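What the coordinates show
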Amino acid sequence: MNPVRIPWPRVRKIAVWTVAVLLVLVLVLAVAAVWAVRRSFPQHDGTLRLSGLSAPVTVHRDDHGIPQVYAKSADDLFRAQGYLHAQDRFWEMDFRRHVTAGRLAELFGSSQVETDIYLRTMGWRRVAEQEWQILAPDTKRHLQAYADGVNAWLADHDGGRASLEYTVLGLQNPDYTVETWSPVDSLAWLKAMAWDLRGNMETEIARAALLAAGLTRQQVEELYPAYPYDRNTPIVTGGGIVAGAFDQQAGPATPPNPAAGGGTGGGTAAGGVDVTGPGGDATTARTLTAMADGLSRLPIMLGNGGQGIGSNSWVVGGGLTATGKPILANDPHLSPTMPGIWYQMGLHCECGFHAAGFTFSGVPGVVIGHNARIAWGFTNLDPDVTDLYLERVDGDRVQVDGEWRPLQTRAETIKVAGGRDVSITVRASGHGPLLSDASAALRDIGVAPPVDPAGSPAPVAAAPQPSPGRPATGGDQRDGYAVALSWTALRPGRTADALFALNTATNWTEFRAAAALFEVPAQNIVYADVDGNIGYQSPGRIPVRGKGDGRWMAPGWDSAYDWKGFIPFAELPSVLNPTDGYLVTANQAVVGPTYQRFLTSDWSYGYRSQRIRDLIGSARDAGKITVEDLRRMQFDNRNGFAPTLVPAVVAALGTGDPSDLSRVAATELWKDWDFQQPAEGAAGSTEGRGSAAAAYYNATWRHLLAATFDELPEDNRPDGGDRWYEVVRGLLAQPESPWWDRRDTPQVERRDDILRSAAGEAATELRRDQGDRPADWRWGRMHTLTVRNQTFGTSGIGPVEWLFNADPVGVSGGDAIVNATGWDAADGYEVDAVPSMRMIVDLADLDESRWIQLTGNSGHAFHPNYDDQLELWRTGRTLPMRWDRTTVEAEAARTLILQP
């Protein structure tokens, strides 16, 4: 059969039409894509109707989409704030409230069920509902007005009209419907904030896991050195408790006994549970690893709760500044997200409420910033506010002091998109929820008790047997032993009251009254006012323990280990107008070791804070300090441990083979290095040489840690933060320490062997990745930041991630550096914590203050304000933080009028 021949003109015509149809389809798809992206973009100018307003509200936005809001009443102001937050960030708000309520499976399906079980077990939403009942009437009114503003926006926006994320979500969950906003949704977000800044819980788990993995108690203690008070100054340099109140002028007190609940010393595990006893070892390690792994998978809203999450803040008094008035700086170090954690905003009303600064979408008011009279900044106080208790359980009973008491139980139903509902029973002891009920791996603790509780009142060779006829409390839960979490944030508090009191405070007395309400998360707060005063206050609900110091898991059946109350606010460290003329907080020790109360022993080790103090001292010696001086300080990239490690490595390399690349690199790059860590720099320039030196140094540091601590379990490998600076500092003085010996070689290594091999492996890595010329190596090619969307940015689907994530960029700085772009040496060089914003407030002229955030104010992908601050942030630049209405109006790029 002969094939049919199509005439050439017809072939050409078909081809032309085919190409035309394809072009039309591509054009249609492109138009559809643009429409899908842009249809959720909010209106930022003109006029919109906002129901419930008593009078028009004016919103001026600058080129970066930062709104300044002007209203006649507080009700109108917070209603407008809710509306504007929803305009720009509602997907973020909706996602956050699903996290805090343990309802992620309603969005994303069965993959999130275990996460929801953890969150329901802790019960953040339930605590927020209880808090609503105890808040001040004005706070409730502000929260309700804010919720009304959000809901007014929701009335006209749903699905893809609300945000592009809803269009993507609809592909897998087409039945999802957005609910109205509740004031409790705002309160619950404060629980997520407290969780991510919770303190030393992971450290407590890690210590127990290391013991279970076979390390001795002495070895574990060597990995958690004491704070170096002799080198790194605490926040408060003197004072103590006198007659029930902190007195900054008091002399040193008698050092307290940490085991009795006082003092900042490290204490011991005396009286805690001993995880090295019968039944321990592998079972304990598996249990604690499972707990850490499960908790690590919880959504990170601000940070991961570890020591890498911190902040810098400092305030310089007018006696040291060029203007004669204080200057206050703050840059919280949190996990990078797209959009950024913060939303910049100014709030002004004729009722007298005026504040500007950084807000959280979903929460009314200003979190960090200033009003017309005072400015404030936060860093994480990081006190020990979480304890783990090993409980003896039998069905719905728990043992305390030899008696059986009832557990609290409640039923929870988890709705699953595209799947069946999951029912769970949550159990809680008097200490808190049983986290060991949250996963199958943890429930096995009841079958094989993992520890031998030291000094226990009853034998533990076998788990307690259920009473005859007593049913199990639910599902796969086991009787025997369980792990309970005691955490201050699981008790209702009035932190929401504190936010509004802080926004409206006008002096030191009112500021301290507001701080007294700030219960969780406990924060260091620095203060400055237009009258020239500077100060510091450490607020927070911090437990007073019976026995133990909170560093190790406690036996729940012995009430002697229970919390006996909380440190009174009056006794917490506080300073007004210190003689030094400045105050620095950067997560270092709050106060010296003679302070009579126990806050924690797990501080950051003070490398950032001491560098800031040194920079202030240098600037003071050079003349009067300016806002520009503080901006440069915030972007300081000096590595504080390099001056100690570099000479040791160079000495170990000695005068060996001159062709050895490691020796060549050390000689060429580290000679005259100022220990700064810039991302890039032109070849031959100071920055270029510094970037090459930083690349080689950090690669050497990473290989050094991996080789030295190869005996540690994989989940507890060194992250490279300043705790490890102190560990290695001590080992450098012990060249024969067993820590230096590698497990994977037959010979016995010593210090210099490991230093040489680390330098050699670093040189090999950099030659492979960046070429043969050490001068061409760059820190920013390794130390990269990819700002990812919290939800779809890690979906694993390339096109979807492209929609929402920023492109990778090289960044300066590093871990435990003032410009704290943290990275985990166990994983690589990628940035996992950042200065989430930078703020400098000039109390002489508030209109000359400066600010920047990580990405941009908009939460809408492809919007001009989605990532328009990222490059400024990356290179250490800032934007004017305007205050005067005349300036705001003159620089406004868009103006929106919200009409009743």
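As a starting point, this report considers the structure included with it. Predicted model only: the values in this text are computed from it and were never measured.

Some remarks on the packing of aromatic side chains
Counted by the stated rule, this structure contains 41 aromatic pairs. Summarising the aromatic geometry, the rings of W124 and W195 are spaced 6.0 Å apart at their centres and angled 45 degrees between planes, so their arrangement reads as tilted. Of this pair, W124 sits in helix α5 (residues 124-132) while W195 sits in helix α8 (residues 183-196), placing them 71 residues apart in sequence. Among the aromatic residues, ring-to-ring pairing joins W91, F95, F108, Y166, Y176, F792 and F804 into one connected group. Lying over the aromatic face of F566, R541 brings its terminal NZ or CZ to 5.7 Å of the ring centre.

Regarding unusual backbone geometry
A cis amide bond links M338 to the next residue, P339, at an omega of 0 degrees. At D401, a position not held by glycine, the phi torsion is positive, near 50 degrees. Examined against the element boundaries, D401 turns out to sit in the loop between β14 (397-400) and β15 (403-406). Of the residues examined, D401 reaches a relative accessible area of 42% and is grouped as partly exposed. In this structure, N587 is a non-glycine residue whose phi angle is positive, near 70 degrees. Checked against the element boundaries, N587 lands in the loop between β26 (582-585) and α15 (607-622). Residue classification places N587 among the buried positions, given a relative accessible area of 4%.

Describing helix α2 (residues 74-100)
An ideal rise of 1.5 Å per residue puts 39 Å on 27 residues; α2 reaches only 27 Å between its terminal C-alpha atoms. Along its length, α2 shows its largest kink, about 95 degrees, at R89. Within α2, 26 of the 27 residues are buried, which leaves it mostly tucked inside the rest of the structure. Directly beyond the C-terminal end of α2, a positive phi value near 65 degrees is found at G102.

Brief notes about the layout of surface pockets
Computed from the structure, the second largest pocket encloses a volume of approximately 480 Å³. Contributing to the lining of the second largest pocket are 24 residues, with P678, T686, E687, G688 and G690 lying nearest its centre. When residues of the lining of the second largest pocket are traced back to their parent elements, those giving at least two are α18 (661-670) and α19 (686-708). With six residues, α19 is the single largest residue contributor to the lining of the second largest pocket. Of the residues that constitute the lining of the second largest pocket, the class distribution is seven nonpolar, eight polar and nine charged.

Structural notes on the sheet that holds strand β20 (residues 523-529)
Pairing within the open sheet is mixed, and its 11 strands lie in the order β1-β34-β2-β3-β9-β10-β11-β12-β20-β21-β25. Across the chains shown, the open sheet's two edge strands, defined by having one partner strand only, are β1 (46-49) and β25 (574-576). Each strand of the sheet is rotated relative to its neighbour by a mean of 15 degrees, with strand direction disregarded. With four bridges connecting them, strand β3 (residues 67-71) and strand β9 (residues 343-349) associate as parallel partners. The residue bridging V69 from the neighbouring strand is L347, located in β9. Across the sheet, α2 is in contact with β1, β2 (57-61), β3, β9, β10 (354-359) and β34 (894-899); its angle to β9 comes to roughly 160 degrees. Relative to strand β21 (residues 534-537), helix α14 (residues 508-515) is tilted by about 20 degrees, and along the sheet it contacts β12 (374-380), β20, β21 and β25.

Side note on the pattern of salt bridges
What the rule picks out here adds up to 46 salt bridges. In this structure, E131 and K191 form a salt bridge, with 2.7 Å as the shortest nitrogen-oxygen distance. Here the residue E131 occupies a position in helix α5, and K191 occupies one in helix α8, the gap between them amounting to 60 residues. The buried category is assigned to E131, whose relative accessible area is 6%.

Things to note about the pairing of strand β8 (residues 327-334)
By the criterion of burial, β8 is predominantly enclosed, with eight of the eight residues buried. Of the two faces of β8, the one carrying I327, A329, D331 and H333 and the one carrying L328, N330, P332 and L334 are both buried. Across seven bridges, the pairing between strand β7 (residues 310-316) and β8 is antiparallel. Its bridge partner lying in β8, G310 is registered against H333. As defined by bridge partners, β8 adjoins strand β31 (residues 837-842) across four bridges and the pair is classed as antiparallel. Counted as the bridge partner of I327 is D842 from β31.

Brief notes about the pairing of β21
Here is the key point about a regular strand: its side chains alternate between the two faces of the sheet. Burial along β21 is two-sided: I534 and Y536 facing one way and G535 and Q537 facing the other are all buried. Counted along the chain from β20 to the antiparallel partner β21, the turn is four residues long, and its residue G532 has a positive phi close to 105 degrees.

Topic: the side chain of T139
Structurally, T139 can be placed in helix α6 (residues 137-154). At 2.5 Å, the side chain of T139 and the side chain of D497 are in polar contact. If sequence neighbours within four positions are ignored, T139 has contacts with A496, D497 and F500.

Here is what the cut-offs are and how they apply
Residues numbered from 1 in each chain as written. Predicted model: local features only at pLDDT ≥ 70, side-chain atom pairs only at ≥ 80, totals over all residues. Heavy atoms only, no water. Phe/Tyr/Trp six-rings, centres within 6.5 Å; stacked < 30°, edge-to-face > 60°. Helix = DSSP H or I, 4+ residues; strand = E, 2+ residues; numbered from the N terminus. Lys NZ or Arg CZ within 6 Å of the ring centre and 35° of its normal. Buried < 20%, exposed > 50% of the residue type's maximum accessible area, 1.4 Å probe, protein only. Expected span 1.5 Å × (residues − 1). Bend = angle between axes of the 7 residues up to and from the residue. 1 Å grid on protein atoms, 1.4 Å probe; cavity = no way out; pocket = protein on both sides within 12 Å on 5 of 7 lines; lining within 4 Å. Points joined across faces, edges and corners; volume = space filled by probe spheres on them. Nonpolar A, V, L, I, M, F, W, Y, C, P; charged D, E, K, R; others polar. Pairing = 2+ DSSP bridges. Axes fitted to C-alpha atoms, helices over the stretch in contact; angles between N-to-C directions. Contact = heavy atoms within 4.5 Å. Salt bridge = Lys/Arg side-chain N within 4 Å of Asp/Glu carboxyl O. Polar contact = N/O pair within 3.5 Å; in protein donor to acceptor, adjacent residues only side chain to side chain.

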